[in-house]
Amino acid sequence: MNSQSYDVIVCGSLHLDIMVKAQHLPRSDETAIGSEWAYKCGGKGRNQAEMAARMGARTAMIGRIGNDDFGTRLIESLDQARVDRSQISVDPTTGSGMSVAILESSGNYGAVIVSGSNLKLDPSDACQSWQTIGGGKLLILQNEVPEPINIALARLARKQGATVILNAAPARPMASELLDQIDILVVNRVEAAMLAEIPVENLADASKAAAKLTGETRDVIVTLGGDGLLLLKRNGSETTVLAEKVDVVSTHGAGDSFIGALAAKLASGATLEAATRHASRLAGYFVSLSEAEKETANLLLR
Ligand code: RIB
């Protein structure tokens, strides 16, 4: 690996999130009353890149925005987080990705995404971007861009000796062509249940799901929010990490903060077990912060 290469390269989604606070999520045919709203720069890929950079990793992102105000805001957010955004391309005809997230007073949320320009990223351009910036120690992927991009990039990164992390969110059927290139698969309770096709409520279920999702070359982490997480390594060793008790303000982006922190810690040389524990602590802290506090908190102190 040459001296220009990055610790972490994230390829994936950028969304401008519209965050709405409401007493509860609306049911079908209901108009629910909200109390406030705000823009937030999001997209699982962008969030993970920001977190990796804030945790001290040299980070770059590969993605595609639209030629619009949302795109400009997303680029500015990467600059602010010190993420190299030289490989974010601009689509001339399709608008930037966006989401609407409704946050309940409990801290839980429901969201809808409109992928827009994220779907216009091209597999060979993404691979060219990886080469142009000199590759990285770790590649992070999610399921908010078309699968051929994930397959092409995972194959290239693995061939060059990088560790490939796939956050299979949102869950969708995945080709073995992709899964065979993944070193660390990270899923939450819902994604684990969908992919393993069993109910996942607790750590015992997570262990069963992980056993179905692991492979000869693949470790699996199943995150269960406040119920902790389970790591099953390809050699069969299993570690559970209990979540620290915190007052939850918002779980929005919690999984992304976990993955960004995990990657940054691995890039610094930590074992998978140590990085997992660290990322779990960080994600716990993250959900206890308001959106404003999240932007300014010194995460390196955690
Ligand atoms: O994980 C949270 C993220 O998922 C949001 O920022 C939203 O844009 C969706 O991609």
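Only a predicted model underlies this, so the values are computations on that prediction, with no experimental measurement involved.

A. Main features of the nonpolar core. If you look at the biggest cluster of nonpolar residues, it comprises 46 residues, and the most contacted ones within it are V8, I165, V186, I221, F258, L262 and L266. It is helix α8 (residues 254-267) that contributes the most residues to this core, eight residues altogether. Residues within four places of L262 in sequence aside, it is in contact with I165, V186, I221, L272, A275, T276 and A279.

B. Summary view of the sheet that holds strand β7 (residues 109-114). Taken in spatial order, the four strands line up as β3-β2-β6-β7 in an open sheet, and their pairing is mixed. Either end of the sheet is taken by a strand with one partner, and the two such strands are β3 (34-42) and β7. Each adjacent strand pair in this sheet contributes to an overall mean axis angle of 15°, direction not counted. Bridging between strand β6 (residues 97-103) and β7 involves six bridges; their strand directions are antiparallel. By the bridge assignment, L103 is partnered in β7 with Y109.

C. Looking closely at the environment of I259. By secondary structure assignment, the location of I259 is in helix α8. Between the alpha carbons of I259 and K44 there is a distance of 9.6 Å; along the sequence they are 215 residues apart.

D. Representation of the site of the ligand in the model. In the vicinity of the ligand, the residues found are H15, D17, G42, G43, K44, N47, S99, I113, E144, H252, G253 and D256. A distance of 3.0 Å is found between an oxygen atom of the ligand and a backbone nitrogen or oxygen belonging to G43. For the ligand, the accessible surface in isolation is 280 Å², of which the surrounding protein chains cover 95%. Residue composition of the shell around the ligand, by class: one nonpolar, seven polar and four charged.

E. Geometry of unusual backbone geometry. Residue P170 is bonded to the preceding A169 through a cis peptide linkage, with omega at -10°. With respect to the helices and strands, the residue P170 is situated in the loop between β9 (163-167) and α5 (176-179). Even without glycine at this site, R82 takes up a positive phi of about 65°.

F. Expanded view of the packing of α8 against helix α9 (residues 272-287). Packing of α8 against α9 leaves a shortest axis separation of 8 Å and a crossing angle of 145°. With respect to the hand of their crossing, α8 and α9 are arranged in right-handed fashion. Side by side, α8 and α9 meet where A254, S257, F258, A261, L262, K265 and L266 of the first sit next to L272, A275, T276, H278, A279, S280, L282, A283, F286 and V287 of the second. Across the contact of α8 with α9, the residue classes tally to twelve nonpolar, four polar and one charged.

Thresholds applied
Residues numbered from 1 in each chain as written. Predicted model: local features only at pLDDT ≥ 70, side-chain atom pairs only at ≥ 80, totals over all residues. Heavy atoms only, no water. Core = buried A, V, L, I, M, F, W, Y, C linked by side-chain atoms within 4.5 Å. Buried < 20%, exposed > 50% of the residue type's maximum accessible area, 1.4 Å probe, protein only. Helix = DSSP H or I, 4+ residues; strand = E, 2+ residues; numbered from the N terminus. Contact = heavy atoms within 4.5 Å. Pairing = 2+ DSSP bridges. Axes fitted to C-alpha atoms, helices over the stretch in contact; angles between N-to-C directions. Near = heavy atom within 4 Å. Polar contact = N/O pair within 3.5 Å; in protein donor to acceptor, adjacent residues only side chain to side chain. Areas by Shrake-Rupley, 256 points an atom, 1.4 Å probe, with all protein chains shown as cover. Nonpolar A, V, L, I, M, F, W, Y, C, P; charged D, E, K, R; others polar. Left-handed = near helix turned anticlockwise from the far one by under 90°.

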